[in-house]
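Notes for the structure review
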Amino acid sequence: MCVEPARHSDLAMPAIEGYAAFRDALLGAGLLVATGVRGLYGRSGLFERVCEGFDALATREARRVAQGSDYEVLRFPPLIHRGDYAKIDHIRNFPDLMGSVHTFLGSEGEHMAMLEKFEAGEDWTRSLRPAEVMLTPAICYPLYPTAAGTLPEGGRRVDLLGFAFRHEPSDDPARMQVFRQREFVRLGTPEDAIAHRDEWLARGEELLARLGLQPKRVVANDPFFGRGGKLMKATQREQELKYELVAQIVPGEKPTAVSSSNYHLDHFGLAFGIRSAGGGVAHSACIGFGLERIALALLATHGFDPKVWPREARDVLALD
Ligand code: ZN
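Described below are features of the structure shown in this document. Every value quoted in this text rests on a predicted model; they were computed, and no experiment measured them.

A short note on the sheet that holds strand 4 (residues 79-81)
- In spatial order, the strands read 4-6-5; together these 3 strands make up an open sheet with antiparallel pairing. In the strand order of this sheet, the two ends are held by strand 4 and strand 5 (100-103), each with one partner. For this sheet the average axis-to-axis angle between neighbouring strands, irrespective of direction, equals 50°.
- As paired strands, strand 5 and strand 6 (residues 129-135) are joined by 3 bridges and run antiparallel to one another. When the sheet's bridge partners are listed, T103 is paired in strand 6 with R129.

This is the structure:
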């Protein structure tokens, strides 16, 4: 399928199709910077301004809708305690995506042995041992362990931003191994969580449409691992626990999720002992916006030069 690449200026974006061609065009334009690892890129100043523009837009929107019950702003490093990681079932469901931090904890003698292997070009990584942290697979995961106990009346609304890691090397520039999610999380009763999910999905659609994207809401599933994962995927879809807003990013390929919203039921409430003010196990829901994917969708839709983007998108993102 041939996709019309740029409405506003044929010069703004070359006619390209397919993952590798789109990635190479982004690298060629200097928007992303290659590191030698698939899915791991530096970002240019322009790329960052687009990401920051959407981030600021999300901040304004969260303030606008908060109506006296402001979002608590929390920022966590992109690492999670290994013990907390063990409580969230990630190792069962997504073993192929995890990232573990290892370091050297040995004696001087063991150091010499490691160096010998290193100098000889042999595998020295077996001399490493796990540190007490894992890489964060989703921005909201570090929040739940810190929310243990009873929630205040009305529950909590939390605003998060950070880098997530997923080990899925790919030529698709939208499938980065390390990327930012801007998340809004609700902790409270089942009704609180479902209302949050539904309100933010509608809000997300509206925000993306204002930028000139044409997001579509779809019921989705996570990429659960292996044969057992099939049942998990089916259950997740059946219960409509995960929705995505998808938009066209890579010309000639399927639309990509730029936002995803998850209703976790009482999964995190049970795992970390979080109770709602009424005493029941807390339910939670989150919506995450992928900053890099939104920037890529905008570049793909409007062209590589924001000067030719539609006026409203430029204004909303404060690109002038
Ligand atoms: Zn989340």
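Past the structure itself, the notes keep going.
A short note on the sheet that holds strand 14 (residues 283-290)
- As summarised here, the arrangement of the 7 strands in space is 3-8-9-14-12-11-10, forming an open sheet in which the pairing is mixed. For this open sheet the edge positions go to strand 3 (72-74) and strand 10 (216-219), each flanked by a neighbour on one side alone. Averaged over all adjacent pairs, the angle separating strand axes in this sheet is 20°, with direction ignored.
- Both strand 9 (residues 178-188) and strand 14 contribute to a ladder of 8 bridges, which runs antiparallel.

Points about the pairing of strand 14
- Where burial is concerned, most of strand 14 is hidden: 8 out of the 8 residues are buried.
- Along strand 14, one buried face is formed by H283, A285, I287 and F289 and the opposite face, lined by S284, C286, G288 and G290, is buried too.
- Across 5 bridges, the pairing between strand 12 (residues 256-263) and strand 14 is antiparallel. Opposite Y263, over in strand 14, you have A285 as the bridge partner.

Thoughts on the environment of L241
- Here L241 lies in the loop between helix 8 (226-238) and strand 11 (242-247).
- Owing to a relative accessible area of 13%, L241 belongs among the buried residues under this scheme.
- For the pair formed by L241 and S261, sequence separation is 20 residues and the distance between their alpha carbons is 8.1 Å.
- Apart from the residues within four sequence positions on either side, L241 is in contact with R197, Q236, S261, N262, Y263 and L265.

Some points on a nonpolar patch on the surface
- A cluster of nonpolar residues, M112, L115, F118 and W124, forms a patch on the protein surface that exposes about 380 Å² of accessible area.
- Tracing the sequence through the fold places L115 in helix 5 (residues 108-119).
- When its relative accessible area of 31% is taken as the criterion, L115 is described as partly exposed.

Reading the values: rules and limits
- Residues numbered from 1 in each chain as written.
- Predicted model: local features only at pLDDT ≥ 70, side-chain atom pairs only at ≥ 80, totals over all residues.
- Heavy atoms only, no water.
- Pairing = 2+ DSSP bridges.
- Helix = DSSP H or I, 4+ residues; strand = E, 2+ residues; numbered from the N terminus.
- Axes fitted to C-alpha atoms, helices over the stretch in contact; angles between N-to-C directions.
- Buried < 20%, exposed > 50% of the residue type's maximum accessible area, 1.4 Å probe, protein only.
- Contact = heavy atoms within 4.5 Å.
- Patch = residues over 30% accessible without salt bridge, like charges linked within 9 Å, V, L, I, M, F, W, Y side chains within 5 Å.
- Areas by Shrake-Rupley, 256 points an atom, 1.4 Å probe, with all protein chains shown as cover.
- Salt bridge = Lys/Arg side-chain N within 4 Å of Asp/Glu carboxyl O.

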